[in-house]
Amino acid sequence: MTSYGICIQTRMAVWDLSVSVEELGPEAPPLKISVTSDLHIGGVILKVVEKSQIKKDWSDHALWWEQKQQWLLKPSWTLDKCGIHADARLCLTPQHKPLRLVMPSGIILRMRVCFSSPVFRTVMGICKLLNIRRPEELSLLWPVEEKKKKKDKDVGEEVKYKFQTNTHKYKTQFKVSNGMPAFFADTPETEAVYKMLAVSQPAPAPETIAKLYRTTNIMEKAHINSRWLDSSRSLLQQGVKENYKLLLRLKYYTFHDIIPQADVVRLTQLYEQARWAILLEEIECTEEEMMVFAALQYHIGKVSLTEQIVASCPAMEDLDSALQCLEVKMEGESSADDMLVICLSLPKRLTLKGYKQYWFTFKDTTISYYKSKEESSKEPIQQINLKGCEVAPDVSVAGQKFCIRLLIPGPEGMNEVYLCCEHEQQYSRWMAACRLASKGKTLADSSFSSEVQSIQSFLAMQKTTPTNNTAQTDESINTHSLVSPRYQKKYKPKQLTPRILEAYQNVAQLSLTDAIQKFLQIWQALPDFGLSYIVVRFKGCRKDEVLGIANNRLIRIDLSVGDVVKTWRYNTMRQWNVNWDIKQVAIEFDGNVNIAFSCVTADCKIVHEYIGGYIFMSTRSREQSDTLNEELFHKLTGGHEAL
């Protein structure tokens, strides 16, 4: 019996693949190349480049798969592994493209940024180029689409600066020259751009403020947060095209490791974002606070002409540490006795007639109150532990109103408590004690004294100070550029000028650095500071509500009246997850408290990213301030698309 060996040779099928080349122009037909399924992506690019007959550096180019809306960035992967067939529409395009970047100060920079990396990494590259540390606190968002009249011109486009440095070389360690990154010192044009970023811009004209978009209610504020880009996906995946305009803004209100000498641009742009939040009424403040903000803006504008930001304290590492620079080691008593006027568990603010006097003691982190001083040796009526509570001022120096608003954590949310002090000295001590207690610190803590001084300093700014006649009639002050439209309508310039100048007398001696930090400190103390709003519908409810997202808590707000219904803190959160099929966020807290909601004004990915982002921010430490765990950020914020 004879056996035969049969050898069968198979050939891989050859087929045509269409690839558009951006350099050939939008009207040029796609190039067709012959490929096999085992050809790798790098080989495809090589064939396309050869057929285009264009001689140039193609190292920054990559393939974009139009139908799938994804980049093909792994050159060793084959077409078969990528799932690419003959019907695929590919485009060979640069990974770095021009983008119009609107800074918080309003300056528009035209710069080349990465369109293929996740937005998180792209922002890191932008911030490194602009010498802004802690890029994880910022992100990109779409500008508001404004309805323009035919006669209106595009306000703001006239302030545009080209910045053509090769931004794709992010890993390069930039050197410093004359106090600025060396590449800024290359030309007079780039040096001018840096100075624009590092110095506060002049007060805008009132008509400019009037034309800018302003939110008028909480629903409009919620719609703003629907415009944040997804940090886990690239710009091109989210519909961003070449020369589109995007806003670079602070997203996470946790300012880590601020050092004025190293953070000139960062501190200036942070101030600009805070300043515009006040001017455009994105955050509420009292009339007295507005006058202080106006005085600080006026002062910062004046000293910016002759002074630059410098380190006012070598040990300063963040805004909270600024207070500790004045610390004096002290042996504080573990308790304090003061007479306060208090009203418990009131949902709304009342007049002093609605308050009742009790005798209070403060020991460790706990408040105890009694009917009278004589009763203080007996069992208290109630004890309130302030650890983990929210503390907000409710003050009017002119009206002699010195109240403290406390939100105390409870099993079902937060209980609202108001303390009303008799005078500012008492208020300063109790406010300082409450702030420390909320962080788990006692009156024996060495920062108590500096906290009291800081509060008294802020109260002093709101007092009326006699000024000379020339200051009172200073016509150079552009009052309507220093206050929000509400006060522009309420008062005439001749009424605002003396009030702003009175407040100015209390800040006129501050350095530029101290004035900016004082502005940020007062901004941080506002009750609604750092709140980002999303309209949601809780599971089992028939009406829409608002979810307020802060750096340490979630707040449930009644949409119709704006009252806080419940508050949940992140440190009591056991787990959270998203059902991506039905777009529902579910969160479990300690004490078997479970909530679930769907998002109305934004994708649930935005809420997921906010929560995960704030938890990521809490993992940062000063010992590792120069390292950034990008993988952990995406694990916490990326959801099912985590890298």
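Described in the following lines is the structure provided in the data block.

Criteria and thresholds
- Residues numbered from 1 in each chain as written.
- Predicted model: local features only at pLDDT ≥ 70, side-chain atom pairs only at ≥ 80, totals over all residues.
- Heavy atoms only, no water.
- Pairing = 2+ DSSP bridges.
- Helix = DSSP H or I, 4+ residues; strand = E, 2+ residues; numbered from the N terminus.
- Axes fitted to C-alpha atoms, helices over the stretch in contact; angles between N-to-C directions.
- Contact = heavy atoms within 4.5 Å.
- Expected span 1.5 Å × (residues − 1).
- Buried < 20%, exposed > 50% of the residue type's maximum accessible area, 1.4 Å probe, protein only.
- Parallel < 35°, antiparallel > 145°, perpendicular 65-115°, else oblique.

Spatial strand order, E2-E1-E5-E3-E4: 5 strands in an open sheet with mixed pairing. The open sheet has two edge strands with one neighbour each: strand E2 (31-35) and strand E4 (70-72). Strand-to-strand twist across the sheet, computed as the mean angle between neighbouring axes with direction ignored, equals 35°. Bridge count for strand E3 (residues 61-65) against E4 is 3 bridges, and the pairing is antiparallel. Its bridge partner lying in E4, Leu63 is registered against Leu72. The sheet contacts of helix H1 (residues 41-52) involve strand E1 (15-21), E2, E3, E4 and strand E5 (89-94), and relative to E2 the element is tilted by about 135°.

What follows deals with helix H7 (residues 264-279). An ideal rise of 1.5 Å per residue puts 22 Å on 16 residues; H7 measures up with 22 Å between its terminal C-alpha atoms. Counting buried residues in H7 gives 16 out of 16 residues, a clear majority hidden from the surface. At the exit of H7 stands Glu281, carrying a positive phi of roughly 60°.

Interaxial distance between helix H8 (residues 287-303) and helix H14 (residues 493-504) falls to 8 Å at its minimum, and their mutual angle equals 75°. Compared by their axis directions, H8 and H14 come out roughly perpendicular. Every residue of H14 that contacts H8 at Glu287, Met291, Val292, Ala294, Ala295, Tyr298, His299 and Lys302 is listed here: Leu496, Arg499, Ile500, Leu501, Ala503 and Tyr504.

Along the chain, the position of Glu630 falls in helix H17 (residues 630-637). Not counting residues up to four positions away in its chain, the partners in contact with Glu630 are Phe120, Arg121 and Met124.

What follows is about the pairing of strand E26 (residues 593-599). Counting buried positions over the 7 residues of E26 gives 5, a clear majority of the element. Relative to E26, strand E20 (residues 532-538) is paired through 3 bridges, and the arrangement is antiparallel. Across the sheet, the residue bridging to Arg537 is Ser598, located in E26. Note: strand E25 (residues 584-589) against E26, 6 bridges, orientation antiparallel. Pairing of Ala586 across the sheet is with Ala596, part of E26. Linkage of E25 to E26, two consecutive antiparallel strands, is achieved through a turn of 3 residues, within which Gly591 is found at a positive phi near 80°.

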